[in-house]
Amino acid sequence: MRRPAAERRPARGRVVTVFSAKGGSGTTTFCTNLAAALADGGRRSVVLVDLDLSLGDVAIALNLFPVTTLADAPAPDGEPMGPEALRALLTPHSPGLSALLAPAQPGRAASVPVELVESVLEALRHAVDHVVVDTPTALDAHVLAALEAADTVVLLAALEIPALKHLKITLETLEQLGLPEERWRVVLNRSDSDVGLAVREVERTLGWRISGMVPSSRDVPLSVNRGVPLVLEQPRHPVSQAVREFAGRELVGGRRPSVVDLREPVGRASARPGAAGPDPRSLVRRPRRPAAH
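Remember, predicted model here, so these are calculated numbers, not experimental data. (Residues numbered from 1 in each chain as written. Predicted model: local features only at pLDDT ≥ 70, side-chain atom pairs only at ≥ 80, totals over all residues. Heavy atoms only, no water.)

Help me understand the environment of S45 in this model?
Positionally, S45 belongs in the loop between α2 (27-39) and β2 (46-50). Spatially, the C-alpha atom of S45 lies 9.5 Å from that of A35, the residues being ten residues apart in sequence. For S45, the residues in contact, after removing those within four places along its chain, are R12, G96, A127, V128, D129 and H130. (Helix = DSSP H or I, 4+ residues; strand = E, 2+ residues; numbered from the N terminus. Contact = heavy atoms within 4.5 Å.)

What follows is the structure, given as structure tokens:
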């Protein structure tokens, strides 16, 4: 049951839940870099929560070896989790950044009830400046709890037709769930891929302005293999700059997203010369126009 807004608003921090309905969109890599960007070398306190309880990769992506994980959190008893209990669950990474990791043994995922996720996120909200939640692709009860707790929902997709189709369905699902549209942010990963799709066409098809675009680079998987977020390893890299710019504008600055005017005539997505550009409108229905914010 949704709590009244006055009860769920943070006393200090902001919960950012990142979700992609399509595997391979780079959610974990985006989350690790986003969390590092928000921490900003220790200027802010950030906790990255790995909610992929069975197959979470945050520990690998950050080269961490946790002593405790989310499965070790005390069962909720109706009282707020104390700071000592919360601190014992975290694995420090770099100045300002810690992680609350998924169980190392997939079988322990069943020992993490939804109520525990809600309790932990609420405790973190009051303890740190930002909580970034990395989620699996399935909209299960744990992910729904993280979406409900979020002050900002980041929907991540790659610039490809299947991913955009899943993104469109996700937008419709969030609307059906009643999650306020002013919390949504859409981010395109590998946004400079030459696949014959224009970003403006994607915006009109989705009915929602793209809030962030992260370019592709072979340096990203290389940094993942080294266990160091690119934002920390190469701060001036175009990928790092794109993530920091999104974090500063949409999460620290808190600007609301723009709504696309669907009354404009829509043209076919641009394509490279000699190639037929696929039209996203042939795969997804025209959405209801979101209410102006």
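Now that the structure is up, let's keep going.
Got a minute to help me understand the packing of aromatic side chains in this structure?
Aromatic ring pairs are defined here through the distance separating the ring centres and the angle between the ring planes. Here the structure, examined in full by the defined rule, presents two aromatic pairs. Relative to F246, the ring of F30 has its centre 6.2 Å away and its plane inclined at 55°; by these criteria the two rings are tilted. Highlighted residues: F30 in helix α2 and F246 in helix α11 (residues 238-252), separated in sequence by 216 residues. Both residues of the pair, F30 and F246, belong to the buried class. Ring centres 5.6 Å apart and planes at 45° place the aromatic pair W184 and W208 in the tilted group. Here the residue W184 occupies a position in strand β7 (residues 184-189), and W208 occupies one in the loop between α8 (199-206) and β8 (210-214), the gap between them amounting to 24 residues. In terms of burial, W184 and W208 fall into one category: buried. (Phe/Tyr/Trp six-rings, centres within 6.5 Å; stacked < 30°, edge-to-face > 60°. Buried < 20%, exposed > 50% of the residue type's maximum accessible area, 1.4 Å probe, protein only.)

Explain a nonpolar patch on the surface here, please?
Together, L139, L144 and L177 make up a nonpolar patch on the protein surface, roughly 210 Å² of accessible area in all. Locating L139 in the fold gives a position in the loop between β5 (130-134) and α6 (141-149). Overall, L139 belongs to the partly exposed group, its relative accessible area being 34%. (Patch = residues over 30% accessible without salt bridge, like charges linked within 9 Å, V, L, I, M, F, W, Y side chains within 5 Å. Areas by Shrake-Rupley, 256 points an atom, 1.4 Å probe, with all protein chains shown as cover. Salt bridge = Lys/Arg side-chain N within 4 Å of Asp/Glu carboxyl O.)

Looking at this model, I keep getting lost on the pairing of strand β4 (residues 97-100). Mind explaining?
Moving residue by residue along a regular strand, the side chains alternate between the two faces of the sheet. Residues of β4 alternate between two faces, with L97 and A99 on one and S98 and L100 on the opposite face, all of them buried. Sheet topology note: the β2/β4 ladder contains four bridges and is parallel. Looking at β4, one finds that V46 is bridged to L97. Relative to β4, strand β3 (residues 91-94) runs antiparallel, the two sharing three bridges. Looking at the pairing, P92 lines up with S98 of β4. (Pairing = 2+ DSSP bridges.)

Looking at this model, I keep getting lost on the packing of α2 against α11. Mind explaining?
A pair of packed helices is captured by two measures, namely the crossing angle of their axes and the spacing between those axes. Put simply, α2 and α11 touch, their axes get as near as 9 Å, and they point 65° apart. Considered as vectors, α2 and α11 are oriented roughly perpendicular to each other. As for the relative orientation of α2 and α11, their crossing is right-handed in sense. On α11, the residues touching F30, N33, L34, A37 and L38 of α2 are V243, R244, F246, A247, L251 and V252. Class assignment of the residues belonging to the contact of α2 with α11 gives a composition of nine nonpolar, one polar and one charged. (Axes fitted to C-alpha atoms, helices over the stretch in contact; angles between N-to-C directions. Parallel < 35°, antiparallel > 145°, perpendicular 65-115°, else oblique. Left-handed = near helix turned anticlockwise from the far one by under 90°. Nonpolar A, V, L, I, M, F, W, Y, C, P; charged D, E, K, R; others polar.)

Could you clarify how one ought to interpret the sheet that holds β3 in this entry?
Adjacent strands of a sheet form backbone hydrogen bonds with each other and so pair up, either parallel or antiparallel. The eight strands lie next to each other as β3-β4-β2-β5-β1-β6-β7-β8, forming an open sheet whose pairing is mixed. Strands with a single pairing partner mark the edges of an open sheet, and in this sheet they are β3 and β8. Put simply, the sheet's adjacent strands are angled 25° from each other on average, direction ignored. Relative to β5, strand β1 (residues 14-19) is paired through five bridges, and the arrangement is parallel. Looking across to β5, one finds that R14 is bridged to H130. Contacts between α2 and the sheet are confined to β1, β2, β4, β5, β6 (152-158), β7 and β8, with β5 contributing the most and set at about 170° to the helix. Against the sheet, α6 contacts β1, β5 and β6, and its axis sits at roughly 135° relative to β1.

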